[in-house]
Amino acid sequence: WEFNSSFHQPSAFLMLGIPGLEALHPWISIPFCALYLTALLGNCMILFIIKKTQSLHEPMYYFLSMLAVTDLGLALCTLPTTLGLFWFNLRRIGFDACLTQMYFIHILSFIESSVLLAMAFDRFIAISRPLRHPSILTKATVTKIGLAIVLRGMVSLLPIPFLLKRLTYCGKTELSHSFCFHPDIMNLACADIKVNVFYGMIILLTTVGMDFIFIVLSYILIIKTVISLATKEECLKALNTCVSHICAVLVFFIPMIGLSMIHRFGRNVPPLVNTLVAYTYLIIPPALNPVIYSIKSSHIREALLRALRRKSG
């Protein structure tokens, strides 16, 4: 413990893996390694294909590139501590290192939410205003949207580490996961955390909450537009362009909402459920998103097959 005249602050926290299955951590690390490898290789492949294929230089794929970069960041944020714990039982993480990891995990989660909203907006414009789509979402506009997304995440979450550093910590120092999460750290404090709870809830509702509401509204407008199309074939073709995005939205938001509910209201939820939902939230989307887009997007699939044929040739 480091002592200060005004508060106690632990020098480190202790991370937990999967409760009750500590003896099996080396075996459990195998599927985790597979997921991390899929996330890293899959998202790098998406970025490489979009960069090298001139026909993919359009708003939909620029936003997909942003999603891939965000997913890479999320995977790299949790990989060292998760695999370090599973492979070598490295449970200790320094206080400042923990706050840094937490800050980047939350920033990247907020950025992913905003990118999914931008992708919903892109689909709405492409379906409802197909002729004006290139003039509305120009390269400059997409760049500005990307910068606004990053700035919103960085600025809105900037106070969080400082709000945690001002708290007094005593007694328990065990985190619930193999990574640092704001509600997890906050609940270890033996001081008044009302400000942290209030600020965290306000930021979550005004960023991720609003993003989700606007995504739902976008799809309501998309469905209204699609219904007005003349033929069934046109209707199905328009909806087919949204399938990948809908899957990505569900894969991201369902576990995120579940984890938020558990941390705020699930006092009696078994630790194993909490842990599994947290891993689903942070590891599954980065691994599944490139798979979803590779399977469902014919343009990505064709570009990938062309690249493989060139290599084999």
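Residues numbered from 1 in each chain as written. Predicted model: local features only at pLDDT ≥ 70, side-chain atom pairs only at ≥ 80, totals over all residues. Heavy atoms only, no water.

Stated formally: UniProt positions are given in the numbering used here, feature names are shortened, and annotations may be inferred rather than shown by experiment.
The name given to the protein chain in an unreviewed UniProt entry is Olfactory receptor, and the organism recorded there is Scytalopus superciliaris. Its UniProt record gives the protein chain a comment under Sequence similarities (unreviewed entry), which states: "Belongs to the G-protein coupled receptor 1 family."

**Overview of the state of the cysteines**
Operational definition: In plain terms, two cysteine sulfur atoms within 2.5 Å form what is called a disulfide here. Secondary structure follows DSSP: runs of H or I at least 4 residues long count as helices, runs of E at least 2 residues long count as strands, and numbering of each begins at the N terminus.
Enumeration over the complete set of coordinates arrives at two disulfides. Put simply, cysteine 98 and cysteine 180 are joined by a disulfide, and their sulfur atoms are 2.0 Å apart. Negative torsions about the S-S bond denote left-handed disulfides, and the value of about -120° found for cysteine 98 with cysteine 180 makes this one left-handed. With cysteine 98 in helix H3 (residues 95-128) and cysteine 180 in the loop between helix H6 (159-165) and helix H7 (182-186), this pair connects stretches of sequence that are 82 residues apart. Each disulfide pairs two cysteine sulfurs, and for cysteine 170 the partner residue is cysteine 190, the sulfurs being separated by 2.0 Å. Taken together, the residues span a long stretch of sequence, with cysteine 170 in the loop between H6 and H7 and cysteine 190 in the loop between H7 and helix H8 (194-227) at a distance of 20 residues.

**Quick notes on the side chain of serine 218**
Where we set the bar: Identification of polar contacts relies on pairs of N or O atoms within 3.5 Å, with a donor-acceptor requirement for protein atoms, meaning one able to donate a hydrogen and the other able to accept it, and with residues adjacent in sequence counted only if both atoms are side-chain atoms. By definition in these notes, contact holds between two residues if any of their heavy atoms fall within 4.5 Å.
Mapped onto the fold, serine 218 is located in helix H8. One polar contact links the side chain of serine 218 to the main-chain carbonyl oxygen of phenylalanine 214, over a distance of 2.8 Å. Non-local contacts of serine 218, meaning those with residues more than four positions away in its chain, are made with Ala120 and Phe124.

**Notes on the environment of aspartate 122**
Relative to the helices and strands, aspartate 122 is located in helix H3. Considering only alpha carbons, one finds aspartate 122 and methionine 256, 134 residues apart in sequence, at a separation of 23 Å. Leave out the neighbours within four places in its chain, and aspartate 122 touches Pro59, Met60, Phe63, His133 and Leu137. Of the polar contacts made by the side chain of aspartate 122, one reaches the side chain of arginine 123; its length is 3.0 Å.

**Some remarks on the packing of helix H5 (residues 139-157) against H8**
A pair of packed helices can be characterised by two numbers: the angle between their axes and the separation between those axes. We apply this condition: Axis lines are fitted to C-alpha atoms, over the contacting stretch for helices. Their N-to-C directions set the angle, which ranges from 0 to 180 degrees. Throughout this description, any angle smaller than 35 degrees is read as roughly parallel, any larger than 145 degrees as roughly antiparallel, any in the 65 to 115 degree range as roughly perpendicular, and the remainder as oblique. Helix crossings fall into two classes, left-handed where the near helix is turned counterclockwise from the far one by less than a right angle and right-handed where it is turned clockwise. Think of it as three bins: nonpolar holds Ala, Val, Leu, Ile, Met, Phe, Trp, Tyr, Cys and Pro, charged holds Asp, Glu, Lys and Arg, and polar takes everything else, Gly as well.
Relative orientation of the contacting elements H5 and H8 amounts to 165°, with a least axis distance of 11 Å. On the basis of the axis angle, H5 is roughly antiparallel to H8. With respect to the hand of their crossing, H5 and H8 are arranged in left-handed fashion. On the side of H5, the interface is formed by Arg152, Ser156 and Leu157, while H8 contributes Tyr199, Ile203, Thr206, Thr207 and Asp211. Residue composition of the contact of H5 with H8, grouped by class: three nonpolar, three polar and two charged.

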